[in-house]
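Below are the chains, spelled out letter by letter.
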Amino acid sequence: MRADKNLLAGSTTLLVLSLLSKGDKYGYEMIAELESRSNRAFTLKEGTLYPILHALEKEKAVISYEKEAPTGRVRKYYRITRRGLSLLEEKQEDWSLFSKAVNAILAGTDPAPA
Amino acid sequence: MSAPGDFYGSFQWYCEAVCAYVRFRPDHGAISRELTAHLEDHADALAERHPELPPTEARRRAIAAMGDPEELGRALDQLHSPLLGWLQIWWIRSARLLAVLALLLALTRADALFTAFTAPSEYGFHMAALVERYEELDLVADFRPREIWRQGGYTFSIERALVTRSADTAYGRESLSLAYQLRVTHPNPWQRAPDFRAWLWAEDDLGNRYPSRGQQEQYGLPVRAGDSAGNPTASTPFVSYYDLWVAGIDPDAKELTLRFDRYGENAIYLTVPLEGGASHV
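What counts and what doesn't
Residues numbered from 1 in each chain as written. Chains lettered and ligands numbered in written order. Predicted model: local features only at pLDDT ≥ 70, side-chain atom pairs only at ≥ 80, totals over all residues. Heavy atoms only, no water. Salt bridge = Lys/Arg side-chain N within 4 Å of Asp/Glu carboxyl O. Helix = DSSP H or I, 4+ residues; strand = E, 2+ residues; numbered from the N terminus. Buried < 20%, exposed > 50% of the residue type's maximum accessible area, 1.4 Å probe, protein only. Contact = heavy atoms within 4.5 Å. Buried area = accessible area lost by both parts, 1.4 Å probe. Polar contact = N/O pair within 3.5 Å; in protein donor to acceptor, adjacent residues only side chain to side chain. Nonpolar A, V, L, I, M, F, W, Y, C, P; charged D, E, K, R; others polar. Core = buried A, V, L, I, M, F, W, Y, C linked by side-chain atoms within 4.5 Å. Pairing = 2+ DSSP bridges. Axes fitted to C-alpha atoms, helices over the stretch in contact; angles between N-to-C directions. Phe/Tyr/Trp six-rings, centres within 6.5 Å; stacked < 30°, edge-to-face > 60°. Parallel < 35°, antiparallel > 145°, perpendicular 65-115°, else oblique. Left-handed = near helix turned anticlockwise from the far one by under 90°. Patch = residues over 30% accessible without salt bridge, like charges linked within 9 Å, V, L, I, M, F, W, Y side chains within 5 Å. Areas by Shrake-Rupley, 256 points an atom, 1.4 Å probe, with all protein chains shown as cover.

K.L.:
Is there a simple way to explain the pattern of salt bridges in this structure?
P.N.:
Oppositely charged side chains may form a pair once their charged atoms are brought near each other. One pass over the structure, following the stated rule, counts 19 salt bridges over all chains. Between arginine 73 of chain A and aspartate 41 of chain B there is a salt bridge, with its nearest N and O atoms 2.8 Å apart. Of this pair, arginine 73 of chain A sits in the loop between strand S2 (62-68) and strand S3 (74-80) while aspartate 41 of chain B is found in helix H2 (residues 28-49), placing the two residues in two different chains. Two residues, aspartate 44 of chain B and arginine 73 of chain A, come together in a salt bridge whose shortest N-O distance is 2.7 Å. Within this pair, whereas aspartate 44 of chain B is found in helix H2, its partner arginine 73 of chain A is found in the loop between S2 and S3, the two belonging to separate chains. Look at aspartate 44 of chain B and you get partly exposed, because its relative accessible area is 40%. Of the residues examined, arginine 73 of chain A reaches a relative accessible area of 17% and is grouped as buried. One network of salt bridges, with partners in common, ties together Arg73 and Arg75 of chain A together with Glu40, Asp41 and Asp44 of chain B.

K.L.:
Would you take a moment to explain the interface of chain A and chain B for this structure?
P.N.:
Accessible area lost during the coming together of the parts is what is often quoted as the interface size. With 19 residues of chain A in contact, the opposing surface of chain B contributes 23 residues. Together chain A and chain B conceal approximately 1,900 Å² of surface at their shared face, both sides included; 52% is due to carbon and sulfur atoms. By the criterion of area lost to chain B, the three top residues of chain A are Tyr28, Tyr50 and Arg73 of chain A, representing 33% of everything that side buries. Counting across the chain A and chain B interface gives six salt bridges. When the shortest N-O distance is used, the salt bridge between glutamate 34 of chain B and lysine 76 of chain A registers 3.8 Å. Viewed at the interface, chain B and chain A are joined by 13 residue pairs in polar contact (both at pLDDT 80 or more). At five residues, helix H4 (residues 49-58) of chain A tops the list of elements feeding residues into the side of chain A that touches chain B. Considering only residue class, the side of chain A that touches chain B consists of eight nonpolar, three polar and eight charged.

K.L.:
I keep staring at the nonpolar core and nothing clicks. Help me out?
P.N.:
Side chains of a nonpolar character, in soluble globular proteins, are inclined to be buried together. Among the nonpolar cores identified, the biggest contains 38 residues, and Val16, Leu20, Met30, Tyr50, Leu53 and Leu56 of chain A together with Leu35 of chain B are the most heavily contacted of them. Sequence-distant contacts of leucine 20 of chain A, that is, excluding residues within four places in its chain, are made with Lys25, Met30, Leu53, Val62, Tyr78 and Ile80 of chain A. In this structure, Tyr154, Trp199, Tyr242 and Leu244 of chain B belong to the second largest nonpolar core, which totals 28 residues.

K.L.:
Help me understand the sheet that holds strand S1 (residues 25-26) of chain A in this model?
P.N.:
Hydrogen bonds between backbone groups are what pair the strands of a sheet, and the pairing can be parallel or antiparallel. Taking strand neighbours across the sheet as the criterion, the three strands line up as S1-S3-S2 (chain A) in an open arrangement whose pairing is antiparallel. Each edge of the open sheet is held by one strand with a lone partner, namely S1 and S2 of chain A. In this sheet, S3 of chain A lies alongside S1 of chain A in antiparallel orientation, the contact comprising two bridges. Within the sheet, the bridge partner assigned to lysine 25 of chain A lies in S3 of chain A and is tyrosine 78 of chain A. Of the strands in this sheet, S1, S2 and S3 of chain A are in contact with H2 of chain B, which crosses S3 of chain A at around 105°.

K.L.:
Quick question: what am I supposed to make of the environment of serine 177 of chain B here?
P.N.:
Residue and element names in this part refer to chain B. The topology assignment puts serine 177 in strand S4 (residues 175-185). Exposure remark for serine 177: the relative accessible area of 18% places this residue in the buried category. Residues serine 177 and arginine 165 lie 12 residues apart in sequence; the distance between their C-alpha atoms is 6.4 Å. With residues near it in sequence (within four places) discarded, serine 177 still touches Leu162, Val163, Thr164, Val246, Ala247, Gly248 and Ile249.

K.L.:
Explanation requested: the packing of aromatic side chains in the structure shown.
P.N.:
How two aromatic rings sit relative to each other is set out by the distance from centre to centre and by the angle between their planes. Residues and elements named next belong to chain A. If you walk through the whole model with that rule in mind, you get six aromatic pairs over all chains. When the centroid spacing of 5.6 Å and the interplanar angle of 10° are considered together, the rings of tyrosine 65 and tyrosine 77 count as stacked. Pair noted here: tyrosine 65 is in strand S2 and tyrosine 77 is in strand S3, with a separation of 12 residues, a long-range link. Owing to a relative accessible area of 28%, tyrosine 65 belongs among the partly exposed residues under this scheme.

K.L.:
I keep staring at unusual backbone geometry and nothing clicks. Help me out?
P.N.:
With the exception of glycine, most residues fall at negative phi, and the peptide bonds are largely trans. All names here are of chain A. In this structure, lysine 60 takes a positive phi of about 65° despite not being glycine. Examined against the element boundaries, lysine 60 turns out to sit in the loop between H4 and S2. Classification of lysine 60 by relative accessible area gives exposed; the value is 54%.

K.L.:
Sorry, what's going on with the packing of helix H2 (residues 12-20) of chain A against helix H5 (residues 82-108) of chain A here?
P.N.:
Residue and element names in this part refer to chain A. Between H2 and H5, the shortest axis-to-axis distance is 9 Å and the interhelical angle comes to 130°. As far as their axial angle goes, H5 and H2 are oblique. H2 and H5 meet at a crossing whose hand is left-handed. Facing Thr13, Leu14, Leu17 and Ser18 of H2, the residues of H5 in contact are Gly84, Leu87, Leu88, Lys91, Gln92 and Trp95. Split into classes, the residues belonging to the contact of H2 with H5 amount to five nonpolar, four polar and one charged.

K.L.:
It is not clear to me how the packing of helix H1 (residues 11-19) of chain B against helix H3 (residues 55-66) of chain B should be interpreted in this structure. Could you clarify?
P.N.:
In a pair of packed helices, the angle between the axes and the distance between the axes together describe the arrangement. All names here are of chain B. Running from N to C, H1 and H3 point in directions that differ by 20°, and their axes come no closer than 10 Å. In this view, H1 runs roughly parallel relative to H3, as classed from their interaxial angle. Our pair here, H1 against H3, has a crossing hand that is right-handed. Mapping the contact onto sequence places Phe11, Trp13 and Tyr14 in H1 and Arg59, Ala62, Ile63 and Met66 in H3. Classifying every residue of the contact of H1 with H3 by side-chain character gives six nonpolar, no polar and one charged.

K.L.:
I would appreciate a short explanation of a nonpolar patch on the surface in the present structure.
P.N.:
Among the surface-exposed residues, Leu97, Leu98, Val100, Leu101, Leu103, Leu104 and Leu107 of chain B lie close enough to one another that they form a single nonpolar patch of about 720 Å² accessible area. Within the element layout of this structure, leucine 97 of chain B appears in helix H5 (residues 82-108).

So, in C-alpha cells, the structure goes:
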C-alpha cells in the first residue's frame, strides 16, 4: 500500500530530522533510506525533499557542506544542529500526541460488526 | 553521451527548468549541483537494480521521480529570497572590503601603530627649549627621580627633571626652576591623558607654595609668588606625557612636593629633591 501524500506532507520534516539525527546524509541517501525503512510505503516526490532541507537550513536546524565522493561526484551533505535536535524533539512530541488522538478516535468509533 | 537533440529530458535540462523559477541567480549553481548529484545517484541505483535497463530510460525515470520542475523551482524560490541573498552577499563583501582597508591602513601606518603602543618620549616645547640651550643653563641638577606615585589606576613618574638657577626678574629675585617630563601610564585607553595639569601645584620644604594656573585664576593669586604650569605633549592609549615646570622656587629650598588635591586629599603626591638624586641622566 502507498501512503496518502497529504498525510505525509507535515511529517516529512520530522522524518528528515530523525534521519539526520543519526548522522550526516545527502539528499538521495535520505530518500533511499526512507523508502527502504518504510518498506516502500512512502515514496514521496523526491524533489519535495529539497525545499524542506533548504528551509531547515534557513532556520539553522541543519547546516550543509559539499563533499566529493571517490567517484568524483560532489554531493551536498546535511548535518543536524543543536537547534535541529530540539526541533526534532518538539516535532516528535507533536507527532505522538497527534497519533494518540487519531488512535483514540479510531478505537472509540470502531464500528461493531452488524 | 548527449547529442544536442537529447537536451530535452537531460539532467541539465531539468536543473535549468527548476532554476528558471529561482530568482536569486547566485544560488543556481549550488542548486543544479545538488539536483544533478541526486539524479545521477538515482539513475545509478536503477542501473544497479535493473541491469537490463537502457541508460536513457534510467535517466528518464530518475527525472520523473523528482517531480514537476516548476513546482520544485517555485518552492525553492520562496526559500532563496533575492533580497536576503543580495543583502547577505553585500554584507560579506563590505566586511571583506573593510578588513582589507583596515589591513592596508595598518600596513601603511605600521610605524604609527607601533608608536601608539610604545609611546614616544618626545619633549614638549619647554623641555626641548631648555635642552637646546643646555650649555647656557646654570644647571643645578639633571636627573631622573626615583619616586613614583600610584593613584586611581594611574602611575605617575618623572622621566627627566632639570633644575636650573636664574636671576629671573619675573619673580624679583634669584630663583630655581624645575622643568620635568611627567609620564602617566593607565591601563584603560578611555582614561588616557588625564587633564590635571592646571591643578597640579607645588610646595617646597620651607613651606612656600607654587600655585597652579587653576588656583591662580580661581583665587586671583599673583604669578609673582611662583608658578606651576605646563602642557600635555604626547598621548597614546596607555601612556601620556606632560611637559611641566615649577618656576620662581625659593633658592634655599631642598625639596619640592608636587600635589594634586582638587578632588580629595593628596591625589598626587610626588616629592622631588632639588639637588638631584636617583639616577642622573
